[in-house]
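Here is how the chains run, residue by residue.
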Amino acid sequence: MLRATNLTKEYPVRGGENVVQALAGVSLELGEGETLGIVGESGSGKSTLAKLLVRLEDPTSGTVELDGVDLTKLRGKALREQRQRIQMLFQDPYSSLNPRQRVGAILTEVLGVHRLAGDARGRARRVGELLELVGLDPRLAQRYPHELSGGQRQRVGIARALAVEPKVLLLDEPVSALDVSVRAEIMNLLDDLRRDLRLSYVFISHDVSMVRHISDRVAVLYLGRVVELGDWKSVLDQS
Ligand code: ADP
Ligand code: ADP
């Protein structure tokens, strides 16, 4: 369903002719309902890969296809429609949740922008459903982000990603900023959601132990290249 072929990304180095090669020919495939783990140390290209997959940036060369449609060639409305199908969940949702909006308004806004869930009443109902889906009391819609715990905030982040009914979730260190005690809860929630909603995940982390629990296959990035790719047992036994 999601296929990256020969992705490269070069960033110019300021004040010179040189470039940094953040990705040097990465190819990956993700099937429906599957989880692909991406591990690698800092600087290996994980964030760059994530940005290319969700089409926040253009690759220098290579393609990203979603069900056979090349996202790198799309512009405007067609791009917005396809981009809706791949949502990104950030490490710290606090930085991406508007602190002046209540949780309900944050979710309502996403539904409104994407013209989902009908009229205002339909959207209000959908906000309640989304909060329940991620294990939150619908009454939390009245709260502001700073009135929530870290785990609750990440659940709101998940609800916001799910609001647009994506097929693929790109999880960039989704539990790294959380207390150890709530990490397992969020991991279990993600696992349940994947099964119930038939989602595919790209799970990015520098922490191999996080990735192995949830991934069917793991790709190891090193200096912008995939140096290992396989089921996590074969990959991790070698590293
Ligand atoms: P992480 O390793 O946690 O992903 P980084 O500190 O590498 O975070 O990067 C944070 C942000 O800064 C990213 O958006 C990345 O693209 C950008 N970035 C990283 N390195 C550079 C650089 N040399 N010049 C400009 N931006 C950079
Ligand atoms: P990771 O997420 O694994 O830490 P990144 O994708 O952030 O890796 O970075 C990969 C390489 O690309 C690093 O050398 C980083 O400094 C460089 N890089 C990332 N973003 C930028 C940018 N916007 N400008 C310049 N260099 C960048």
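Before reading on, note that the structure itself is shown above.
All figures in this text were calculated on a predicted structure; none of them were measured in a lab. Per-chain numbering applies: the sequence of each chain, read as written, is numbered from 1 onward. Naming scheme: in the order in which they are written, chains are lettered from A and ligands are numbered from 1. Reporting of local features is limited, given that this is a predicted model, to residues whose pLDDT is at least 70; pairs of side-chain atoms are given and counted only at 80 or more, and all residues count toward the totals for whole chains, interfaces and linings. Excluded from the side-chain calculation are hydrogens and water; included are all heavy atoms of the structure.

**Overview of the layout of surface pockets**
We apply this condition: Only protein atoms enter the 1 Å grid, on which a cavity is a set of points fitting a 1.4 Å probe that cannot get out and a pocket is an open set with protein on both sides within 12 Å along at least 5 of 7 lines, lining residues being those with an atom within 4 Å of a point. Grid points are joined across faces, edges and corners, and a volume is the space filled by probe spheres set on the points. Secondary structure elements follow DSSP: runs of H or I no shorter than four residues count as helices, runs of E no shorter than two count as strands, and numbering proceeds from the N terminus. Classes in brief: Ala, Val, Leu, Ile, Met, Phe, Trp, Tyr, Cys and Pro nonpolar; Asp, Glu, Lys and Arg charged; the others, Gly included, polar.
When its volume is computed, the largest pocket comes out at roughly 580 Å³. Along the wall of the largest pocket there are 19 residues; nearest its centre are Arg83, Gln84, Ile86, Gln87 and His114. Elements supplying a minimum of two residues to the lining of the largest pocket: helix 2 (76-83), strand 6 (86-89), helix 3 (103-113) and helix 5 (150-163). The class makeup of the residues in the lining of the largest pocket is ten nonpolar, four polar and five charged.

**Some points on helix 4 (residues 120-133)**
Just so we agree on the cut-off: A helix's residues, less one, multiplied by 1.5 Å, set its expected span. The rule is simple: take the accessible area with a 1.4 Å probe, protein chains only, and divide by the maximum for that residue type; under 20% is buried, over 50% is exposed, in between is partly exposed. Residue contacts are defined here by distance: any two heavy atoms, one from each residue, within 4.5 Å place the two residues in contact.
Across its 14 residues, helix 4 extends 20 Å between first and last C-alpha, which sits within 8% of the 20 Å expected from 1.5 Å per residue. Taken as a whole, helix 4 has its buried residues at Gly122, Arg126, Val127, Gly128, Leu130 and Leu131. Turning to helix 4, the residues buried within the fold contact helix 3 and helix 5. Positive phi shows up at Gly135, right after helix 4, with a value of about 80 degrees.

**Here's the deal with the packing of helix 4 against helix 5**
The description of two packed helices rests on the angle between their axes and on the distance between the axes. Rule in force here: Axes here mean lines fitted to C-alpha atoms, for a helix over just the part in contact, with angles spanning 0 to 180 degrees between N-to-C directions. Angular relationships are summarised with four words: roughly parallel below 35 degrees, roughly antiparallel beyond 145, roughly perpendicular across 65 to 115, and oblique for the angles in between. Left-handed is the label given to a crossing in which the near helix is rotated counterclockwise from the far helix by less than a right angle, and right-handed is the label when the rotation is clockwise.
Where helix 4 contacts helix 5, the two axes come as close as 9 Å, and the packing angle between them is 125 degrees. Taken together, the axes of helix 4 and helix 5 are oblique relative to one another. Two packed elements cross with a definite hand, and for helix 4 against helix 5 that hand is right-handed. Within the contact between the two elements, helix 4 uses Arg126, Leu130 and Leu133 and helix 5 uses Ala159, Leu162 and Ala163.

**With respect to the sheet that holds strand 5 (residues 69-70)**
Heads up, the condition is: For two strands to be treated as a pair, DSSP must find at least two bridges joining them.
Taken in spatial order, the four strands line up as 2-1-4-5 in an open sheet, and their pairing is antiparallel. Edge positions in the sheet fall to strand 2 (19-30) and strand 5, since each has one partner strand and no second. Across the sheet, helix 1 (residues 46-53) lies against strand 1 (2-12), strand 2 and strand 4 (61-66), angled at about 120 degrees from strand 1, the strand it touches most.

**Quick look at empty space enclosed by the protein**
Picture a little ball the size of a water molecule; that probe, rolled over the atoms, points out where space is still empty. What the rule picks out here adds up to one cavity of 30 Å³ or more. In this model, the largest cavity occupies a volume close to 50 Å³. Around the largest cavity, the lining residues are Leu2, Arg3, Ala4, Leu28, Glu29, Leu30, Leu36, Leu53 and Val202. Elements represented by at least two residues in the lining of the largest cavity include exactly strand 1 and strand 2. Considering only residue class, the lining of the largest cavity consists of seven nonpolar, no polar and two charged.

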